[in-house]
Amino acid sequence: MASIGSMPDAPTVNRATARRFLVRRHLLAPPRSLPPAPESVKTVVGRLGSLQFDPLEVTGRNHDLVLAARIDGYRREWTDDLLYRERWLYEAYNKGLSLLPTSELPYYRIGWDRYSASNGYGKLDDHAELVAELLERIREEGTLSSKDVEVRESIDWYWRPTNQVRAILEALALSGVLGIARRDGNRRLYDLSERLFPADLLAERRTEEEQRKHKLLSRYRAHGLLGMRGGNQEVWLGTTTTAAERYRLRDELIEDGLLLPVSVEGVKGDRVILAEEAALLSSDRPILAGVAFLAPLDPLVWDRDLLRSLWDFDYLWEVYVPAAKRRWGYYVLPLLWGDRFVGRIEPRIERKSGTLRVLGLWWEDTFEPLDEPGFVEELAAALRAHALFLGATKILLPRTARNRALVAELRPRLDLTPARSGAPRS
């Protein structure tokens with residue numbers, strides 16, 4: 001096994017090159033450049049490998065925000081169809097609950113197998129009668145949710161006590177016995193995995209080593225420029241049991257020619273790219289600039305340390321921060337302009353009135369939106385696209401003194417009629 005010291009010197013690029021590379025490989029140069037079609041969802045998944053799922057829907061679900069930033073006219077039903085009708089995608093744990101290509105299921109079933117071997121950490125044994133009852137109902141009647149069964153007493157379950165039925169259905173899904181047939185809002189309807197996935201795919205087995213290596217590669221694949229070691233530990237959760245094992249598998253991926261170490265001037269420590277993207281890294285072509293609102297769990301913003309060292313941008317998702325301690329807001333999104341993070345935006349959908357309300361806009365100290373050629377037009381285009389993605393018919397902007405002049409420039413550009421908002425972007 002090669003050590004870091006025995007590896008060839010990593011090529012060095014400057015920070016500007018690294019920023020252009022990341023924005024381009026994340027399909028954000030410009031944003032919403034992919035055509036309005038379900039196939040574009042497959043294009044994004046093909047590039048990033050997995051999309052993190054989060055049930056909060058303040059201004060769209062996390063994976064939908066990731067896709068809406070890259071696909072013109074994105075519609076959430078495209079992804080739902082790929083998940084619950086075509087089953088080209090499925091839900092499983094990678095970096096948190098994620099949407100993964102179903103074809104890669106054998107490389108991610110390690111979570112199922114380990115959970116099953118523990119019998120749900122004893123929960124399935126402790127509640128064997130309920131397990132049998134639920135499985136029998138699903139076999140006989142089809143899909144089942146926790147609301148279809150009489151509520152039983154609560155049991156301890158992760159963060160808080162939970163209805164037994166809900167907990168055991170989740171445990172059976174974590175074991176791979178059940179899968180999510182569809183969702184009704186955030187309510188999960190389960191069916192037998194053998195009915196949801198091809199038999200040959202369920203029968204295919206990969207070694208634990210192969211699966212851990214694939215899961216580790218998926219993190220490098222999703223972000224594009226992660227560090228050789230250290231960094232945000234949540235990025236690596238579920239890949240290996242120890243840092244030493246992670247470094248060993250990383251070295252093997254480098255030896256296998258799948259990963260390539262690189263160095264970025266002014267950024268501490270070597271980083272790693274997909275070897276197949278080396279030509280993209282070396283490209284000096286200017287990017288096509290546009291404005292994107294990035295999801296809180298967009299892979300581009302996974303590595304908060306890199307955001308600070310490469311972009312001088314400090315981002316904290318404050319959804320779990322007590323309100324009194326928040327600096328920005330509950331569900332604030334990073335705002336990307338070209339290859340720069342220039343600010344933050346807090347959009348919120350008010351469905352009863354069909355309104356996209358922008359609660360706040362904040363700019364980096366070095367950025368003045370009205371002095372940037374083309375920025376106002378692109379910000380307006382991003383707002384219109386976001387409103388249409390959410391099904392909003394009007395946009396309300398914040399009435400704050402610091403943004404008064406900008407809002408005056410934006411308002412005439414926020415017409416949501418098809419003639420103004422439906423044109424494809426180049």
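Every value quoted in this text rests on a predicted model; they were computed, and no experiment measured them. All chains use their own residue numbering, which begins from 1 and follows the written sequence. In keeping with the model being predicted, local features are shown solely for residues with a pLDDT of at least 70 and side-chain atom pairs are shown and tallied solely at 80 or more, while totals for entire chains, interfaces and linings include all residues. Each side-chain value is derived from all of the structure's non-hydrogen atoms; neither hydrogens nor water enter the calculation.

**Quick word on the overall build of the chain**
Alright, step 1. Helix and strand assignments come from DSSP, with helices taken as H or I runs of at least 4 residues and strands as E runs of at least 2, each series counted from the N terminus. Counting its regular elements, the chain contains 17 helices and 16 strands.
Alright, step 2. Whereas a compact globule of 426 residues would reach a radius of gyration of roughly 22 Å, the chain reaches 23 Å, a difference of no more than 12%.
Alright, step 3. Across its three principal directions, the C-alpha atoms of the chain cover 65 × 60 × 40 Å.
Alright, step 4. Buried residues are those whose accessible area, probed at 1.4 Å on protein chains only, stays under 20% of the maximum for their type, while exposed residues exceed 50% and partly exposed ones sit between those limits. A burial count over the chain gives 56% of its 426 residues as buried.
Alright, step 5. Sequence-distant contacts in the chain: of pairs separated by 6 or more residues, those separated by 24 or more amount to 64%.
Alright, step 6. Summing over all exposed atoms, the chain offers an accessible surface of approximately 19400 Å²; the carbon and sulfur share of this is 50%.
Alright, step 7. Charge counting follows a simple rule: Lys and Arg are positive, Asp and Glu are negative, and His as well as the terminal groups are ignored. All charge positions are set by atom: Lys at NZ, Arg at CZ, Asp at CG, Glu at CD. Of the charged side chains in the chain, 63 are positive and 62 negative, and the gap between their average positions amounts to 5 Å. Throughout, the radius of gyration refers to the C-alpha atoms, and the reference size of a globule is 2.2 Å times the residue count to the power 0.38. By definition, residues are in contact when any of their heavy atoms lie within 4.5 Å. The Shrake-Rupley method, run with a 1.4 Å probe, gives the accessible areas here. Residue values count only the displayed protein chains as cover.

**With respect to the packing of helix H1 (residues 15–25) against helix H14 (residues 304–311)**
Alright, step 1. Every axis in this analysis is a line fitted to C-alpha atoms, fitted for helices over the stretch in contact. Angles between the N-to-C directions lie between 0 and 180 degrees. It is at 10 Å that the axes of H1 and H14 come closest, and there the two elements cross at 130°. One finds that H1 runs oblique with respect to H14. Residues Arg15, Ala18, Arg19, Leu22 and Val23 of H1 touch H14, and the partners they reach there are Leu306, Ser309, Leu310 and Trp311. Working rule for angles: under 35 degrees goes down as roughly parallel, over 145 as roughly antiparallel, 65 to 115 as roughly perpendicular, anything else as oblique.

**Side note on the pairing of strand E3 (residues 89–94)**
Within a regular strand, side chains alternate between the sheet's two faces.
Alright, step 1. In terms of residue burial, E3 counts as a mostly covered element, since five of its six residues are buried.
Alright, step 2. Two strands pair when backbone bridges link them, and E3 and strand E4 (residues 96–101) are joined in this way by six bridges, in the antiparallel orientation. Bridging across to E4, Glu91 finds its partner in Leu99. Two strands qualify as a pair provided DSSP detects at least 2 bridges between them.

**Section: the sheet that holds strand E11 (residues 271–274)**
Alright, step 1. If you walk across this open sheet you meet the four strands as E1-E10-E11-E9, and the pairing is mixed. Two strands in the sheet have a free side with no partner beyond their single neighbour: strand E1 (12–13) and strand E9 (226–227).

**Overview of the packing of aromatic side chains**
Alright, step 1. In summary, the pairing rule links any two rings of Phe, Tyr or Trp, Trp by its six-membered ring, whose centres are within 6.5 Å, and it sorts them by plane angle into stacked for under 30 degrees, edge-to-face for over 60 and tilted for everything else. Counted by the stated rule, this structure contains 15 aromatic pairs.
Alright, step 2. Seen from their ring centres, Phe313 and Phe341 are 5.0 Å apart, and the 20° between their planes marks the pair as stacked. Of the two residues, Phe313 is situated in the loop between H14 and strand E13 (333–337) and Phe341 in strand E14 (residues 340–350); the sequence distance between them amounts to 28 residues. Per residue, the accessibility class of Phe313 equals that of Phe341, and both read buried.
Alright, step 3. Considering the side-chain rings of Trp317 and Tyr320, the 5.8 Å spacing of their centres and the 75° angle between planes classify their relative orientation as edge-to-face.
Alright, step 4. In this structure Tyr320 comes out as exposed when scored by relative accessible area, which is 64%.
Alright, step 5. Of the aromatic side chains, those joined through ring pairs into one cluster are Trp337, Trp363, Phe367 and Phe375.
Alright, step 6. Lysine and arginine charges are scored as sitting over a ring when NZ or CZ, respectively, is within 6 Å of the ring centre and within 35 degrees of the ring normal. One residue, Arg229, lies across the ring of Tyr247, its end atom 4.3 Å from the ring centre.

**Quick look at the environment of Arg188**
Alright, step 1. Looking at where Arg188 falls in the secondary structure, it is placed in strand E8 (residues 187–192).
Alright, step 2. Spatially, the C-alpha atom of Arg188 lies 9.6 Å from that of Arg166, the residues being 22 residues apart in sequence.
Alright, step 3. A polar contact of 2.6 Å, which involves the side chain of Arg188, links it to the side chain of Glu170. Pairing of N or O atoms within 3.5 Å defines a polar contact, subject to two protein rules: one partner must be a possible hydrogen donor and the other a possible acceptor, and residues neighboring in sequence count only if both atoms are side-chain atoms.

**Topic: helix H7 (residues 128–141)**
Side chains of residues three or four places apart in an α-helix project in the same direction, reflecting 3.6 residues per turn.
Alright, step 1. Multiplying one less than the number of residues by 1.5 Å gives the expected span of a helix. Given a rise of 1.5 Å per residue, 14 residues ought to cover 20 Å, and the 20 Å separating the end C-alpha atoms of H7 matches this to within 8%.
Alright, step 2. Restricting attention to buried positions, one finds in H7 the residues Leu130, Val131, Leu134, Leu135 and Ile138. Along the axis of H7, the buried residues cluster in a sector spanning 130°; they form a single face. Looking at H7, the residues exposed on the side facing more than 90 degrees away from the buried face are Glu129, Glu140 and Glu141.
Alright, step 3. On its buried face, H7 sits against helix H6 (123–126), helix H8 (164–174), strand E7 (178–184), E8 and helix H9 (193–196).
Alright, step 4. Just downstream of H7 lies Gly142, where phi reads positive at about 95°. What the arc measures is the spread of directions leading from the helix axis to the C-beta atoms.

**Observations regarding a nonpolar patch on the surface**
Alright, step 1. Each patch groups residues whose relative accessible area exceeds 30% and which form no salt bridge, using 9 Å between like charges and 5 Å between nonpolar side chains of Val, Leu, Ile, Met, Phe, Trp and Tyr. A pair is scored as a salt bridge if a Lys or Arg side-chain nitrogen falls within 4 Å of a carboxyl oxygen belonging to Asp or Glu. A cluster of nonpolar residues, Tyr121, Tyr158 and Trp159, forms a patch on the protein surface that exposes about 550 Å² of accessible area.
Alright, step 2. Positionally, Tyr121 belongs in the loop between helix H5 (110–117) and H6.

**Focus on unusual backbone geometry**
Alright, step 1. Cis geometry is adopted by the peptide bond preceding Pro30, which originates at Ala29 and carries an omega value of 5°.
Alright, step 2. Structurally, the position occupied by Pro30 is in the loop between H1 and helix H2 (38–48).
Alright, step 3. Here Leu27, not a glycine, exhibits a phi torsion of approximately 60°, which is positive.
Alright, step 4. If you trace the backbone, Leu27 turns up in the loop between H1 and H2.

**Thoughts on the confidence of the model for the chain**
Low-pLDDT stretches of the model should not have their predicted coordinates read in fine detail.
Alright, step 1. A residue's pLDDT is the predictor's confidence in that residue, given on a scale from 0 to 100. Averaged over all residues, the pLDDT of the chain is 93; the fraction at 70 or higher stands at 96%.
Alright, step 2. Residue range residues 419–426 is modelled with pLDDT below 50. Its contacts to residues more than four positions away, or to other chains, number 18 contacts.

**What to know about the pattern of salt bridges**
Alright, step 1. Per the counting criterion, the structure on display carries 38 salt bridges.
Alright, step 2. For Glu364, the salt bridge identified is with Arg344, shortest N-O distance 2.8 Å. Pair noted here: Glu364 is in the loop between strand E15 (355–363) and helix H15 (375–390) and Arg344 is in strand E14, with a separation of 20 residues, a long-range link.
Alright, step 3. The structure contains a network of salt bridges with shared partners spanning Glu209, Lys213, Arg248, Glu252 and Asp256.

**Notes on the sheet that holds strand E2 (residues 51–52)**
Alright, step 1. The strand order across the open sheet built from three strands is E2-E4-E3, with neighbouring strands paired in antiparallel fashion. Unpaired on one side and paired on the other, E2 and E3 mark the two borders of the sheet.
Alright, step 2. Direction of pairing for E2 relative to E4: antiparallel, over a ladder of two bridges. When the sheet's bridge partners are listed, Leu51 is paired in E4 with Leu99.

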